[in-house]
Amino acid sequence: MNPASRGNRFAAPAPSNIDLDDDDDAKADVGYAWETRFDRTWDQITEDPLTGSLQTHSLALAAAASAARSARHRRRHALSSSTPGIQRSIIRFVVLVLDMSKALGEAASTSAGDMRPSRAGAVMEACEGFVRGFFDQNPVSHLCVMAMRDGVCERVSGMGANPAAHVAAIRAALEKGAYGETSLENALLASAEALQGVPSYGMKEVVIVYGSLMSTDRGDIRETIEMCKNEKIRAEVIGMGAELFVLKSLANTTGGRYSVAMNEIYLSEMLQMNLTPPPTAKASVKPSLIPMGFPTLKVLKEPKPSYNDGKLIREGYECPRCNVICIEKPFLTPA
């Protein structure tokens, strides 16, 4: 055997095509330690105001989240727990009054940074959930939306039972902007006018979302509050700023509740608390038989004015008693 051939058995294998720069590229993607985000661990330590002990920021956030969950659970349990023997009205007429003054236009970056991303965004999200949940739990009730802006109270949507129309009207009103001052007196007068034709078996309510710290009124607000009490209008007030005596007086006088929302979560929860019909006094709403009909959807041969807004329609619901045509249900007829 040739020695040269015998030595080939121990020869080193041929080098393969290996890119030695791959490891360097991977290290370059990771970057150096001083190029990464610098964590200041001492900023994550907070002091407990009650015990004075030090705890990390993550533990403080977890404790705050746990406390918030417990508070929400207690509120929901108190809301869902029904006391026997309490009379509640199933037919409600509610006026939702929203503060669209300049106080609502303050962004979260200003001193009124209690709502995220802004007060207008928080109000829109909370009102959308409230309107849809209201008709889910109160299918035979009616709702009207009004806006306080520039010292007056304008009607955003009429008294109806179409949640999509109310949500679209609120969104369109917020797109116009928030400006001017707030007038609580004009809001109560406009709400009383909207609830003027409510039948005796219906419950009249006003839910006010108030963000301003003042009210520009030309008359005596105490007389207006007393008028609401005489008209048996219950006022539920949710504030988005500091607690105001006039709002608390309005709620206490009319038998409602007054609460202040600390953030957007509390605002949504406080609105959700108005989904369940409040208890009614036996002397205010007397039991009576309420005539109801089951309207049928009909296609008309000729256009006919709608009972809701007077517009000509070719399709609508016809009342079996008075034969009026409406575009949505439920609705109140003159019969």
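Residues numbered from 1 in each chain as written. Predicted model: local features only at pLDDT ≥ 70, side-chain atom pairs only at ≥ 80, totals over all residues. Heavy atoms only, no water.

Draft legend 1. Expanded view of the pairing of strand 10 (residues 312–318). The pairing of strand 9 (residues 296–305) with strand 10 spans six bridges and is antiparallel. Looking at the pairing, P305 lines up with L312 of strand 10. Sheet topology note: the strand 10/strand 11 (residues 325–326) ladder contains two bridges and is antiparallel. The residue of strand 11 that forms the bridge with E318 is I325. (Pairing = 2+ DSSP bridges. Helix = DSSP H or I, 4+ residues; strand = E, 2+ residues; numbered from the N terminus.)

Draft legend 2. Geometry of the sheet that holds strand 3 (residues 92–99). The six strands are arranged 5-4-3-6-7-8 in an open sheet whose pairing can be described as mixed. Both edges of this open sheet fall to strand 5 (152–160) and strand 8 (258–260), since each of them pairs with a single strand only. Strand-to-strand twist across the sheet, computed as the mean angle between neighbouring axes with direction ignored, equals 15°. Pairing between strand 7 (residues 233–239) and strand 8: three bridges, direction parallel. The residue of strand 8 that forms the bridge with I238 is S259. (Axes fitted to C-alpha atoms, helices over the stretch in contact; angles between N-to-C directions.)

Draft legend 3. How the structure looks around the nonpolar core. With 33 residues, the main nonpolar core has L96, L98, V123, V131, I170, L267 and L271 as its most contacted residues. Taken together, the elements giving at least two residues each to this core come down to strand 3, helix 4 (119–137), strand 4 (142–149), helix 5 (163–175), strand 6 (203–210) and helix 9 (264–272). Excluding residues that lie within four positions of it along the chain, L267 makes contacts with M115, A122, V123, A126, V209, I238, M240 and A261. With 30 residues, the next largest nonpolar core counts M148, A190, I233 and L244 among its residues. (Core = buried A, V, L, I, M, F, W, Y, C linked by side-chain atoms within 4.5 Å. Buried < 20%, exposed > 50% of the residue type's maximum accessible area, 1.4 Å probe, protein only. Contact = heavy atoms within 4.5 Å.)

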